[in-house]
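Spelled out from the first residue to the last, the chains are:
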Amino acid sequence: MAWIYFFLGDPKKHSLEHRLFNTVSLVNGLLNLFGVFGVLYLENYLILICLNVGSGILMLAMYYLSRVKSIYFILYWPFNLTILFYLASMWFFNGGSIGGNHYYLIPSLVIALILIRNHNVFFVYSIYITVSALLYIVEYYNREWVTGYANEMDRYLDAGGNYLFVQILTGILIFILSRNLNIERKKSDALLLNILPEPIADELKKEARVIPKRYEAASVLFCDMVGFTKIAEKMNAEDLVHELDQIFRAFDYICKEFRMEKIKTIGDAYMAVGGIPKENESNAIDAVLCGLGFQSYMAEQKEIHSIQGREFWEIRLGIHIGPLVAGVVGTDKFAYDVWGDTVNTASRLESSGVVGEVNISRDVYEEVKKVFECEPRGFVSIKNKADIEMFLVKGFLPEYMHAVDPKKPNELFQRMYKTGALFY
């Protein structure tokens, strides 16, 4: 695969049109040079050799400009005119239609349409149809302008060779298209999976819509940077975005590790949900593990930044479990989102949280108390809602606690977590 990317271009760095031009110009250039060996037995082989070598070198030169210099869009018409000039010349110097030269007109049109971008397709069609029609008309009224064959065997061999070459060229073109279309399909699928969960993306591709679904027990995690505005004012835009990108990349990795589904980021806030789109009984524990992972990462980064004499953010974090509805909204820019009082409550838990701690509701506590050591905070007043009983997750219970760090699990927990034994 590496050698293909070397010669034709890397899909991650080069557009589909660019890779197609690289491929078609390289293949046609090599085939024209190789075609020299197919005309050596003909009477006017010197002219035909010059045509094959000249056009082949021109196409390989265009390949070089495209692959090495990244100049390809402005080469569309030079490339097509080279093909048309080559075919017209071969038509007159190599037997016309009875020599099988007309076989090349179809793949040449296919090549033109493969490479087309921002060009008028009807104009391109008309050019190729006009050239094809003129070649037949000129041959019909001026047969003497077309160089014939010395004998029937030469004509038979040349026509057969042309037909074979066209088959090879057509096969290569089909391979090029199918391969590049598969690459583009994989790229678009990967992009869609970066936006939507896999089951949701599959449903959207099959049905062109996603039916909203209600979940009876999903864990919603919110976290927010503390002192973000104050520190951000001292940073330039590029450094600020870089810092956030590094943090959210780490959060994304932690979410995947603990089976959480990232929903969105809003400025410096991050939201993830456990138990969707695939329901499970572990989502409350998953969410707490995820929250502890977030806090551990931020604590490590703060220590590193402190050694470097730089300020760093801390986070508040809140988790609540309950029913919610999840679905896809929008038509132009899809967004997988969640709604319900559970979401609002989780947001309030975050805003009422303690810096550097995992703040959970009573409902979450009931789900995780058999695993985690929790400190009660009592009932806390929150905006626009009744007081909510909250707890701070201080670490694992002794039987699941790491020997050094109470916020990290031991091997027993990891084994039971992976096998699902904790949830039964």
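These numbers come from a predicted model, not from an experiment.

**Things to note about the overall build of the chain**
When you go through the chain residue by residue, the secondary structure sums to 14 helices and eight strands. The dimensions of the chain, computed from C-alpha atoms along their principal axes, are 105 × 50 × 40 Å. Taking all 424 residues of the chain together, 46% fall into the buried category. Counting only contacts in the chain whose residues sit at least 6 apart along the sequence, the fraction spanning at least 24 positions is 69%. For the chain, the exposed surface amounts to about 22700 Å²; the carbon and sulfur share of it is 61%. Separation between the mean location of the 41 positive side-chain charges and that of the 47 negative ones in the chain comes to 0 Å.

**Points about the nonpolar core**
Met 225, Phe 251, Phe 294, Ile 360 and Phe 372 are the most contacted members of the largest nonpolar core, which totals 49 residues. When residues of this core are assigned to their parent elements, the largest contribution, ten residues, is made by helix α11 (residues 283–307). Excluding its chain neighbours within four sequence positions, the residues that come into contact with Phe 294 are Leu 221, Cys 223, Phe 251, Ile 254, Cys 255, Tyr 270, Ile 315 and Leu 317. Tyr 76, Leu 105, Ala 112 and Tyr 128 belong to the second largest nonpolar core, which has 39 residues in total.

**Quick notes on the UniProt feature "transmembrane region" (unreviewed entry) in the chain**
This chain's UniProt record puts "transmembrane region" (unreviewed entry) on residues 20–39, 45–65, 72–93, 99–116, 123–141 and 161–178. Across residues 45–65, the secondary structure splits into 100% helix and 0% strand, with the terminal C-alpha atoms separated by 30 Å. The span residues 123–141 shows a helical share of 100% and a strand share of 0%, and its end C-alpha atoms are spaced 27 Å apart.

**Observations regarding the packing of helix α5 (residues 105–115) against helix α7 (residues 152–195)**
Direction vectors running N to C along α5 and α7 enclose 20°, while the axes themselves pass 10 Å from each other. With respect to each other, α5 and α7 are oriented roughly parallel. α5 and α7 meet at a crossing whose hand is left-handed. Side by side, α5 and α7 meet where Pro 107, Val 110, Ile 111 and Ile 114 of the first sit next to Val 166, Leu 169, Thr 170, Leu 173 and Leu 177 of the second. Residues belonging to the contact of α5 with α7 are distributed by class as follows: eight nonpolar, one polar and no charged.

**Quick look at the packing of aromatic side chains**
This model, assessed by the stated rule, comprises 19 aromatic pairs. Here Phe 248 and Phe 251 contribute two aromatic rings whose centre-to-centre distance is 6.2 Å and whose plane-to-plane angle is 50°, an arrangement assigned as tilted. A residue pair is termed a helical-turn pair when its members lie 3 or 4 positions apart in one helix, as Phe 248 and Phe 251 do in helix α10 (residues 237–257) at three residues. Phe 251 shares its class with Phe 248; the two are buried. Taken together through their ring pairs, the aromatic side chains of Phe 258, Phe 372, Phe 396, Tyr 400, Phe 413 and Tyr 417 make up a single cluster.

**Side note on the pairing of strand β2 (residues 260–266)**
The side chains of a regular strand alternate, first on one face of the sheet and then on the other. Where β2 meets strand β3 (residues 269–274), six bridges bridge the pair, whose relative direction is antiparallel. For Ile 266, the partnering residue across the bridge sits in β3 and is Ala 269. Counting the residues in the hairpin turn of β2 and β3 gives two residues, including Gly 267, whose phi is positive at 65°.

**Some details on the domain arrangement of the chain**
With domains assigned, the chain is organised as domain 1 (1–194) and domain 2 (198–419). In this structure, domain 1 and domain 2 have C-alpha centres spaced 57 Å apart.

**Thoughts on the layout of surface pockets**
Considered as a void within the structure, the largest pocket measures approximately 950 Å³ in volume. Lining the largest pocket are 33 residues, with Pro 197, Lys 256, Met 260, Glu 261 and Lys 262 positioned closest to its centre. Listed by contribution, the elements that provide at least two residues to the lining of the largest pocket are α7, α8 (198–207), α10, β2 and α14 (411–419). Here the element with the most residues in the lining of the largest pocket is β2; it accounts for five residues.

**A short note on the side chain of His 320**
In this fold, His 320 is placed in strand β4 (residues 314–329). By relative accessible area, which is 9% here, His 320 ends up buried. Of note is the side chain of His 320, whose polar atom sits 2.7 Å from the side chain of Ser 361. With sequence-adjacent residues up to four places away left out, His 320 is seen in contact with Ala 218, Ser 219, Val 220, Thr 342, Thr 345, Ala 346, Leu 349, Ser 361, Asp 363 and Val 364.

**Comments concerning empty space enclosed by the protein**
Under the defined criterion, the tally for this structure stands at three cavities of 30 Å³ or more. Each pocket or cavity is described by its volume, and for the second largest cavity that value is around 60 Å³.

**Digging into helix α6 (residues 121–141)**
Residues lying three or four places apart along an α-helix face the same way, a consequence of the helix completing one turn every 3.6 residues. Over its 21 residues, α6 runs 30 Å from end to end, which matches the ideal 30 Å to within 8%, given 1.5 Å per residue. Residues of α6 that are buried: Val 124, Tyr 128, Ser 132, Leu 135 and Glu 139. Down the axis of α6, the smallest arc covering the buried residues is 60°, so these residues share one side. Counted as exposed and oriented over 90 degrees from the buried face of α6: Phe 122, Ile 129, Tyr 140 and Tyr 141. Structurally, α6 contributes buried residues whose contacts are with α4 (76–93) and α5. The residue sitting at the N-terminus of α6 and contributing the capping side-chain oxygen is Asn 120; that oxygen lies 2.9 Å from the backbone nitrogen of Phe 122.

Conventions used here
Residues numbered from 1 in each chain as written. Predicted model: local features only at pLDDT ≥ 70, side-chain atom pairs only at ≥ 80, totals over all residues. Heavy atoms only, no water. Helix = DSSP H or I, 4+ residues; strand = E, 2+ residues; numbered from the N terminus. Buried < 20%, exposed > 50% of the residue type's maximum accessible area, 1.4 Å probe, protein only. Contact = heavy atoms within 4.5 Å. Areas by Shrake-Rupley, 256 points an atom, 1.4 Å probe, with all protein chains shown as cover. Lys, Arg positive; Asp, Glu negative; His and termini not counted. Charge placed at Lys NZ, Arg CZ, Asp CG, Glu CD. Core = buried A, V, L, I, M, F, W, Y, C linked by side-chain atoms within 4.5 Å. UniProt positions renumbered as here; feature names shortened; annotations may be inferred. Axes fitted to C-alpha atoms, helices over the stretch in contact; angles between N-to-C directions. Parallel < 35°, antiparallel > 145°, perpendicular 65-115°, else oblique. Left-handed = near helix turned anticlockwise from the far one by under 90°. Nonpolar A, V, L, I, M, F, W, Y, C, P; charged D, E, K, R; others polar. Phe/Tyr/Trp six-rings, centres within 6.5 Å; stacked < 30°, edge-to-face > 60°. Pairing = 2+ DSSP bridges. Domains from an automatic or database assignment. 1 Å grid on protein atoms, 1.4 Å probe; cavity = no way out; pocket = protein on both sides within 12 Å on 5 of 7 lines; lining within 4 Å. Points joined across faces, edges and corners; volume = space filled by probe spheres on them. Polar contact = N/O pair within 3.5 Å; in protein donor to acceptor, adjacent residues only side chain to side chain. Expected span 1.5 Å × (residues − 1). Arc of directions from axis to C-beta.

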